[in-house]
Amino acid sequence: MICRSVPVSCLPSSSGGTFGGGGGGGASAIVPNAGGGGAPGGGSPLLARIVGVGDSLTAGYQANGMLGATGVSDPLFPGVTVPPTQEQGYWADIDEQASGLPLSQAIAREFDPATSPLPLIAGPGINNQVVPAIGAPFGQEKPGNSCSADGGFDAAGYLLGASKRVRMNPTSTTIRDVAVPGITLHEANTLAEPQSNTCKALPGIRGLLQQVVDGESSTYWPVLRNFANMGPQLTMVNAAVKLKPTLAVVWLGANDVLKYMGSGGLFHGGDNSAGQAASDERQAINTLKHAGARVIVANLPNILETAYFMRATVPTQATCNNNYQTYVACVFEAVLQVPLATAAGLTATLAKTYQLATPGGCTPTTTNPCGYLTLQGTFTVINYYHKTGKLPDLDNGKPGSGMGTYYITPAFAAKVQSLNDAINTGIDDAAQQTSTPLVDVTSIFAGVASGNQSNPYFQLAIHISPGTCCTLGFEGGLLSFDGIHPSNTGYALVAYAFIAAINAAYGTKIPQINVRAAYNGTRCGEVSHCYQDPYAPPCAQNPAGCNGGLRVHDVSMLRRRAEALGSADLF
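Residues numbered from 1 in each chain as written. Predicted model: local features only at pLDDT ≥ 70, side-chain atom pairs only at ≥ 80, totals over all residues. Heavy atoms only, no water.

Caption draft 1: Expanded view of the sheet that holds strand β10 (residues 309–311). Taken in spatial order, the three strands make up an open sheet running β10-β11-β12, and their pairing is antiparallel. Of all strands in the sheet, those with a lone pairing partner are β10 and β12 (407–408), marking the two edges. Looking at chain direction, strand β11 (residues 372–374) and β12 are connected through two bridges and run antiparallel. If you follow Leu373 over to β12, its bridge partner there is Tyr407. Here helix α14 (residues 375–388) sits on the sheet and contacts β10 and β11; the angle it forms with β11, its principal contact strand, is near 80°. (Pairing = 2+ DSSP bridges. Helix = DSSP H or I, 4+ residues; strand = E, 2+ residues; numbered from the N terminus. Contact = heavy atoms within 4.5 Å. Axes fitted to C-alpha atoms, helices over the stretch in contact; angles between N-to-C directions.)

Caption draft 2: Structural detail: the state of the cysteines. Summed over the entire model, instances satisfying the criterion amount to five disulfides. Two residues, Cys320 and Cys330, share a disulfide whose sulfurs are 1.9 Å apart. Because the sign of the S-S torsion sets the handedness, a value of about -80° for the bond joining Cys320 and Cys330 places this disulfide among the left-handed ones. Placement of the pair is Cys320 in helix α11 (residues 317–322) and Cys330 in helix α12 (residues 328–336), with a sequence separation of 10 residues. Just as Cys320 is buried, Cys330 falls in that class too. Linked covalently through their sulfurs, Cys469 and Cys470 form a disulfide whose S-S length is 1.6 Å. Because the sign of the S-S torsion sets the handedness, a value of about 85° for the bond joining Cys469 and Cys470 places this disulfide among the right-handed ones. Summarising the burial analysis for this pair, Cys469 and Cys470 share the class buried. (Disulfide = S-S within 2.5 Å. Buried < 20%, exposed > 50% of the residue type's maximum accessible area, 1.4 Å probe, protein only.)

Caption draft 3: Spatial organisation of the environment of Ala413. With respect to the helices, strands and loops of the structure, Ala413 is situated in helix α15 (residues 410–433). On the accessibility criterion, Ala413 (1% relative accessible area) is buried. C-alpha separation for the pair Ala413 and Pro364, spaced 49 residues apart in sequence, amounts to 8.7 Å. Every residue in contact with Ala413, bar those within four places of it in the chain, is listed here: Leu304, Pro369, Cys370, Tyr372 and Ile408.

Caption draft 4: Helix α9 (residues 254–262), seen in detail. Extensive coverage of α9 is indicated by the burial of nine of its nine residues. Those residues of α9 lying buried are Ala254, Asn255, Asp256, Val257, Leu258, Lys259, Tyr260, Met261 and Gly262. Just past α9, the residue Gly264 takes up positive phi, approximately 65°.

Caption draft 5: Focus on the packing of aromatic side chains. By the definition in use, this model includes 11 aromatic pairs. A centroid spacing of 5.6 Å and a plane angle of 35° characterise the contact between Tyr260 and Phe412, whose relative ring orientation is tilted. With a gap of 152 residues between them, Tyr260 in helix α9 and Phe412 in helix α15 connect regions that are remote in the sequence. Each member of the pair, Tyr260 together with Phe412, is buried. Taken together, a centroid distance of 5.0 Å and an interplanar angle of 85° make the contact between Tyr324 and Phe458 edge-to-face. Remark: Phe458 occurs in helix α17 (residues 456–462) and Tyr324 occurs in the loop between α11 and α12; sequence separation between them is 134 residues. On the basis of relative accessible area, Phe458 is assigned to the buried category, the value being 1%. Pairwise contacts between aromatic rings join Tyr90, Trp251 and Phe498 into one cluster. (Phe/Tyr/Trp six-rings, centres within 6.5 Å; stacked < 30°, edge-to-face > 60°.)

Next comes the structure, spelled out in structure tokens:
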């Protein structure tokens with residue numbers, strides 16, 4: 001069966017392979033199995049050289065950071081280590097499953113700097129992960145000025161020569177994942193060097209737009225330094241071509257939406273129409289196909305359905321308990337330990353102040369949009385209210401200046417969703433125009449977010465660990481602590497969809513990933529490689545305990561996390 005797009009029809013049915021990797025019986029009977037082994041796709045030449053082209057999602061970014069090294073000590077919590085991110089990404093999962101190696105050996109290869117296809121980032125990791133802390137159970141790994149922390153580790157990423165320090169394998173000849181966090185769909189075809197050479201804030205750029213415009217500059221050379229001899233021809237797509245890929249996995253476009261959103265609509269450097277997106281996606285696809293690669297692409301989830309966006313409408317207690325989507329009032333209730341009525345009152349005040357209210361109700365991703373606090377805004381409010389008993393000024397005295405950073409009005413949400421839809425239309429059109437198989441991530445994540453018991457994706461998600469995991473709500477298990485990038489489990493879910501699509505479209509026989517094993521850490525026996533997902537419950541509520549450290553009280557942990565997430569650089 002050849003499938004251009006892969007929602008339900010191309011995924012294994014309940015009578016065939018299941019979400020756990022085998023066993024039958026449908027979503028309610030997910031049975032873990034080995035999930036690997038054998039020749040890749042029955043020895044298919046198509047799988048001989050798989051290359052990853054994309055942004056932070058394909059790079060394996062989590063919790064506001066990118067890290068390949070294991071055993072990195074958490075500077076805020078002695079005895080606890082910072083979990084690596086790159087090896088848990090969906091592209092690494094695909095590469096492992098398609099390798100033809102015994103699964104433990106395939107996973108070990110991703111972690112080994114001498115053989116890894118990943119541009120492994122050395123400790124402490126690039127950018128600034130959220131980690132456990134003594135006294136304040138969570139904080140940012142690099143408190144204070146992250147540019148100067150750890151001897152300027154982050155700053156080194158902006159320069160070609162200095163980026164050698166950032167990489168575990170700076171001279172590697174085995175790199176096949178060339179995804180650059182922060183890069184847009186347009187930049188994948190055009191950007192030949194970072195736009196900035198400094199970790200310091202650029203003058204004259206307000207708020208989050210500074211972080212947004214500069215998003216790819218800190219990671220460009222850490223990922224692409226091995227291709228610097230290409231000079232002005234060095235783009236991410238051209239770097240992938242140089243690798244002579246047999247199969248190219250392409251997932252782009254998220255930053256075109258996120259940069260627009262995070263700047264409050266000021267960023268216009270990416271694609272802003274379906275036609276532009278289709279043109280850039282076609283260029284990437286055709287360039288790769290001309291080099292001899294088969295290609296598979298994916299569209300985007302609706303970013304307003306991720307946990308980074310917390311709805312300002314007031315839900316019922318049952319809705320809070322289900323945690324299918326994230327509501328400001330529910331987070332206030334849990335973290336501030338107040339009744340839902342009190343949390344609803346605080347939410348209503350914020351909604352009135354920042355024009356977030358929708359008196360007739362709202363439905364995300366439709367023509368009746370919602371108002372939101374961002375994750376950053378929500379935890380800024382919590383931290384300030386916990387200390388003062390008052391609500392902060394999210395505009396800092398300049399009305400409207402907090403939009404995109406701390407809150408999203410319904411009118412602006414409609415613009416963000418419109419851009420999200422346009423980018424997806426462009427990706428879908430380009431896939432159809434070039435006869436390229438498409439993974440319909442939009443439908444997968446919308447299904448999980450729906451809470452609809454009859455939706456197969458929702459059923460698959462909630463049966464990963466029945467009664468415990470997983471949803472797209474904040475700390476619901478499918479997203480890491482930044483509310484946007486997937487957890488280990490979330491990335492495995494994406495890999496599952498990609499593998500199903502590759503097998504259906506190209507006739508390969510890649511063994512399906514065991515998503516439940518990715519959640520509980522049993523894909524292999526090496527504890528530094530395979531461990532219980534630190535971003536999914538119960539570990540999300542008790543990461544120090546899961547990591548072998550001191551156990552912490554849930555509410556205390558969430559309060560302290562407000563200090564980290566309220567000021568986190570999430571782009």
